[in-house]
Amino acid sequence: MSAHESMEHAEHAEHAAGENKKIALLIAIIALCLALAETLGKGAQTEAISKNVEASNLWAFFQAKTIRRTVVQTAAEQTKLGLGSVADGAANAAAQKQIEDWQKTAARYRSEPETGEGTEQLSERAKHAEEERNLATAKYHHFELGSAAFQIAIVLASATIITGILALAWVSGLLAVVGIAITALGVFEPHLLPLH
């Protein structure tokens, strides 16, 4: 090999090394974006599960309160029906007092704003938890899609180093931008794209 050929070979190797460094930097940046999207996705997934459990618990509490209210109302109605057959005035007064107590209890089971544990309040709280769950789920889907775009971008950028086909790096960069856009939508506008 002549000195001239050796010099050309060295220049080519130096140029390739410079390109490989740029591709390695691209991979590092995409990997950072991937880590961020994965972290956001895991947080959103955890939030969705937590809010789903909260909504389920609130609906179960709602059902229990509804059953209690129904039982108390039924007892009050049955006692009202029996009032006419009781001749004893003291027994009638005691039954009437019991009916009033049951009616107050039934009303408290329906609405208890001070504790937030009436069926009306429980229903609102459960619906709010469901909305938060749906929001977290929408975010999670965006973050997962963004993560997939970043993973494919890393593979394409790696293939650029092996094959020397620079077009793969451009496609990789484009996919990284798409991943950033989808991840940003997950953060700021998760309901813009219906990804369910």
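This section reports on the structure supplied with the text. All of these numbers come straight from a predicted model, not from anything done at the bench.

**Observations regarding the overall build of the protein chain**
Reasoning step 1: Within the protein chain, the regular secondary structure consists of four helices and zero strands.
Reasoning step 2: Going from the N terminus to the C terminus, the protein chain shows its helices and strands as α-α-α-α.
Reasoning step 3: The C-alpha atoms of the protein chain give 33 Å as radius of gyration, which overshoots the globular expectation for 196 residues (16 Å, by more than 25%).
Reasoning step 4: Each principal axis of the C-alpha atoms in the protein chain carries an extent, and together these give about 125 × 20 × 20 Å.
Reasoning step 5: Within the protein chain, the proportion of its 196 residues that are buried is 27%.
Reasoning step 6: Across the protein chain, every contact between residues at least 6 apart in sequence was considered, and the portion connecting residues at least 24 apart equals 73%.
Reasoning step 7: For the protein chain, the exposed surface amounts to about 12200 Å²; the carbon and sulfur share of it is 64%.

**As for the pattern of salt bridges**
Reasoning step 1: By the definition in use, this model includes seven salt bridges.
Reasoning step 2: Where E112 meets K65, a salt bridge forms, and the shortest distance between an N and an O atom there is 3.3 Å. Of the two residues, E112 is situated in the loop between helix 2 (89–110) and helix 3 (119–163) and K65 in helix 1 (residues 3–83); the sequence distance between them amounts to 47 residues.
Reasoning step 3: Its relative accessible area of 8% is what places E112 among the buried residues.
Reasoning step 4: K65 sits in the buried class, given a relative accessible area of 4%.

**Quick look at the nonpolar core**
Reasoning step 1: Membership of the largest hydrophobic core is limited to twelve residues, which are I23, I27, I30, C33, L34, A37, F150, A153, I154, A157, A169 and A176.
Reasoning step 2: Every element with two or more residues in this core is listed here: helix 1, helix 3 and helix 4 (166–188).
Reasoning step 3: The greatest single-element share of this core, amounting to six residues, is contributed by helix 1.
Reasoning step 4: With sequence-adjacent residues up to four places away left out, I27 is seen in contact with I154, A157, S158 and I161.

**Considering the side chain of T183**
Reasoning step 1: Assignment of secondary structure puts T183 in helix 4.
Reasoning step 2: For T183, a relative accessible area of 8% gives the class buried.
Reasoning step 3: Once you skip the residues sitting within four places of it in the chain, T183 turns out to touch A37, L40, F143, G146 and F150.

**Side note on the side chain of Q121**
Reasoning step 1: Note on placement: Q121 falls in helix 3.
Reasoning step 2: Not counting residues up to four positions away in its chain, the partners in contact with Q121 are R110, S111, E112, P113 and G116.

**A word on the packing of helix 3 against helix 4**
Reasoning step 1: Between helix 3 and helix 4, whose axes approach to 8 Å, the crossing angle comes to 165°. Between helix 3 and helix 4, the crossing angle belongs to the class labelled roughly antiparallel. For the pair helix 3 and helix 4, the crossing hand works out as left-handed.

**Structural notes on the environment of T119**
Reasoning step 1: With respect to the helices and strands, T119 occurs in helix 3.
Reasoning step 2: On the basis of relative accessible area, T119 is assigned to the buried category, the value being 4%.
Reasoning step 3: Excluding its chain neighbours within four sequence positions, the residues that come into contact with T119 are F62, K65, T66, R69, Y109 and R110.

Conventions used here
- Residues numbered from 1 in each chain as written.
- Predicted model: local features only at pLDDT ≥ 70, side-chain atom pairs only at ≥ 80, totals over all residues.
- Heavy atoms only, no water.
- Helix = DSSP H or I, 4+ residues; strand = E, 2+ residues; numbered from the N terminus.
- Rg over C-alpha atoms; globule rule 2.2 N^0.38 Å.
- Buried < 20%, exposed > 50% of the residue type's maximum accessible area, 1.4 Å probe, protein only.
- Contact = heavy atoms within 4.5 Å.
- Areas by Shrake-Rupley, 256 points an atom, 1.4 Å probe, with all protein chains shown as cover.
- Salt bridge = Lys/Arg side-chain N within 4 Å of Asp/Glu carboxyl O.
- Core = buried A, V, L, I, M, F, W, Y, C linked by side-chain atoms within 4.5 Å.
- Axes fitted to C-alpha atoms, helices over the stretch in contact; angles between N-to-C directions.
- Parallel < 35°, antiparallel > 145°, perpendicular 65-115°, else oblique.
- Left-handed = near helix turned anticlockwise from the far one by under 90°.

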